[in-house]
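Residues per chain, in single letters:
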Amino acid sequence: MLEERLNPLYESYGYRRFRMSKFEDYDLYAQNKDFLRRGNIITFTDVDGSLKALKPDITLSIIKNNTGDTEKVYYNENVYREMGGTFREILQIGVESVGAIDPYAQAEVIALAARTLETISPDYVLDLSDVSFVGCLLDGMALEGARREEVLSLLAQKNAPGIQTMAREGRLTAEASAALLELMELYAPLREGIAQAEALARDEASRQALRQLSRTADILAAFGLEDRIRLDFSLMNSLDYYNGVIFQGFLPNVPVLALSGGRYDPLPRKMGKDVGAIGFALYTGRLEESLRQERQYDVDLLLTYGPEDNPAELAALASRVRAKGYSVRCQEEGALAAPIRCRKTVRYTRGCSPEEVLS
Amino acid sequence: MINVALPKGRLGEKAYETLAAAGFDCPAILEKNRKLTFENPEKGVRYFWVKPSDVSIYVERGAADVGIAGKDILLEYSPDVYELLDLGMGRCRMCVAGPEDFYQDPNKTLRVATKFPHIATRYYDSRSQDIDIIKLNGSIELAPILGLSDVIVDIVETGKTLLENHLAPLETIVDISARFISNKVSYKFKHQEILAMRDALERNLTKKEAAE
């Protein structure tokens, strides 16, 4: 199981396991609706009349329970979410670092995200963006309201024709459209990408964002991840809550997003806590289908017997074969059984040895 | 190897020609047979034909790395893909069409027949107008003739079909053309290959524009 391989990783960085009950007050989710990607939640009335919910998310509970101290936690918890039109129970594995988020603490979480992906496949891809940099750039273009939304969704699609159309219709200046096209084209290893982005920075705030990013890149290099992380400003998470670095992870042969995370200081602030926060979650539900190893056989040996055979002797033989590390299924010969894939089928005969049936 | 989903029909054939001219040819595709996939290992491409409205599904789910899809399909289904290039082919308009002398009675809810319910809903939402959507799968022009709907939202290429049925385009919602789309994860893992394909297509386009 995935969590058995990942938990020791998080513990080796001193992260503490966070556990919680299945239920949480519905209020928590109602008040932070825009933090959840989808609003649908399973609710029920508790015996005392209060409205409860089956947790659709862990991060909100971690922040709610934070007392203002620095905390580093990881979790493996089931969440209940709508997927493809029905509710599903999904195992979510994640890491959250809450408190004073200094440059090291931030880079550590990104490094853990990379190590998480690496545990699953060495050929992972981790992409990084900074929403504050993108925000500064859009501010500089005086993009507000619906037009800003439109540009952001075009950016997420790397939709160059869409930007060109906006420019042609006069809804973007030629300069802004050129900068946006350059921004969505940018896809390079972190340091190289930052150098390219410097050409796009027009004001002090965006240069400041790049300087911080560059500091993060230095620390990530110390983690040995210099070339593994790429800069891609087309990444989008729900933007209202993320305020700095965001990142997404991808795995070969998994056609959807595998991991997603970022810096989300506005959430604890909204809950009245003076702390910062950064974290990520692994979407295990999507991974399982792609990573499940195809088993060729259900059982190594199918041992068939007839009514005349002695069950005690059959059981003894089967036990001896199992002791050699093989799986054995005993089944009456000719019985109507559900189809099963076995490596080898042997008819039991009295007195045969494990070596004989396995040869 | 890049998997390319092509829309069945004229647009797909034209798109293949452009890709072939851009250096991604696959001669097997021209053979007349019932095969569904065509491969050219030398050029590192595999093509397959799918229903035009399914191209974005194949690409979104990663069964195809890239594909050619009409902007109408992308607007209707909003798949989570990268839209990398406007191929400038298959040009047409998404229009509201209706009887030539159409008068909209402000006291009645407008009945709209269409194959594109999301596009129609979004368009009328943006004008804060309540409508009654009738989703049809074909022969949309028939709906206003038989009084099933007041207007239709559909693709208009030349307007000939409309004219023959005494209908006329009333408003243009958006211009449509074919787009080169890519799966978001494939873009990351096959970045060089997909960019090479996009750039080759783009060069081919500018060459064609220059010739015109």
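Residues numbered from 1 in each chain as written. Chains lettered and ligands numbered in written order. Predicted model: local features only at pLDDT ≥ 70, side-chain atom pairs only at ≥ 80, totals over all residues. Heavy atoms only, no water.

This paragraph deals with the overall build of chain A. Looking only at helices and strands, one finds 14 helices and 15 strands in chain A. Here the C-alpha radius of gyration of chain A, 27 Å, is well above what a compact globule of 359 residues would show, namely 21 Å. Principal-axis analysis of the C-alpha atoms gives chain A an extent of 90 × 55 × 40 Å. Looking at chain A as a whole, 50% of its 359 residues qualify as buried. Within chain A, counting contacts between residues at least 6 apart in sequence, those at least 24 apart form 69% of the total. Looking at chain A as shown, the accessible area adds up to about 17400 Å², and 48% of this sits on carbon and sulfur atoms. For chain A, the distance from the average position of its 43 positive side-chain charges to the average position of its 53 negative side-chain charges is 3 Å. (Helix = DSSP H or I, 4+ residues; strand = E, 2+ residues; numbered from the N terminus. Rg over C-alpha atoms; globule rule 2.2 N^0.38 Å. Buried < 20%, exposed > 50% of the residue type's maximum accessible area, 1.4 Å probe, protein only. Contact = heavy atoms within 4.5 Å. Areas by Shrake-Rupley, 256 points an atom, 1.4 Å probe, with all protein chains shown as cover. Lys, Arg positive; Asp, Glu negative; His and termini not counted. Charge placed at Lys NZ, Arg CZ, Asp CG, Glu CD.)

With that settled, consider the sheet that holds strand β2 (residues 37-40) of chain B. Residues and elements named next belong to chain B. Read across the sheet, six strands follow the order β2-β3-β1-β4-β11-β5 without closing on themselves; strand pairing throughout is mixed. Across the chains shown, the open sheet's two edge strands, defined by having one partner strand only, are β2 and β5 (82-86). Strand-to-strand twist in this sheet, taken as the mean axis angle between neighbours without regard to direction, amounts to 25°. Note: strand β1 (residues 2-7) against strand β4 (residues 66-70), two bridges, orientation parallel. (Pairing = 2+ DSSP bridges. Axes fitted to C-alpha atoms, helices over the stretch in contact; angles between N-to-C directions.)

All names here are of chain A. If you check the backbone angles, alanine 142 has positive phi at about 55° while not being a glycine. Topologically, alanine 142 is positioned in the loop between α5 (131-140) and α6 (145-156). Phi angles above zero are rare outside glycine, and lysine 158 is one such case at about 45°. Within the secondary structure layout, lysine 158 lies in the loop between α6 and α7 (160-168). Overall, the relative accessible area of 3% leaves lysine 158 in the buried class.

Another aspect to go through is the sheet that holds strand β9 (residues 151-156) of chain B. Strand pairing in a sheet relies on backbone hydrogen bonds. The paired strands run either parallel or antiparallel. All names here are of chain B. The strand order across the open sheet built from five strands is β8-β7-β9-β6-β10, with neighbouring strands paired in mixed fashion. Pairing within the sheet leaves two strands with one partner each, and these edge strands are β8 (131-135) and β10 (167-176). On average, each strand axis in the sheet is inclined to that of its neighbour by 30°, with strand direction left out of account. Pairing of strand β7 (residues 110-114) with β9 involves three bridges; the strand directions are parallel. Its bridge partner lying in β9, valine 112 is registered against valine 151.

There is a patch of nonpolar side chains on the surface, built from Leu142, Ile145 and Leu146 of chain B and spanning about 300 Å² of accessible area. Structurally, isoleucine 145 of chain B can be placed in helix α5 (residues 142-145). (Patch = residues over 30% accessible without salt bridge, like charges linked within 9 Å, V, L, I, M, F, W, Y side chains within 5 Å. Salt bridge = Lys/Arg side-chain N within 4 Å of Asp/Glu carboxyl O.)

If a probe as big as a water molecule is rolled over the atoms, it shows which places are left empty. Residues and elements named next belong to chain B. As a volume, the second largest pocket reaches approximately 1000 Å³. Taken together, 44 residues line the second largest pocket, and the ones lying closest to its centre are Pro52, Asp72, Cys92, Lys115 and Ile155. If you list the elements that add at least two residues to the lining of the second largest pocket, you get α1 (10-21), β4, α3 (71-77), β6 (92-99), β9 and α6 (160-164). With five residues, the single largest contributor to the lining of the second largest pocket is α3. By residue class, the composition of the lining of the second largest pocket is 19 nonpolar, ten polar and 15 charged. (1 Å grid on protein atoms, 1.4 Å probe; cavity = no way out; pocket = protein on both sides within 12 Å on 5 of 7 lines; lining within 4 Å. Points joined across faces, edges and corners; volume = space filled by probe spheres on them. Nonpolar A, V, L, I, M, F, W, Y, C, P; charged D, E, K, R; others polar.)

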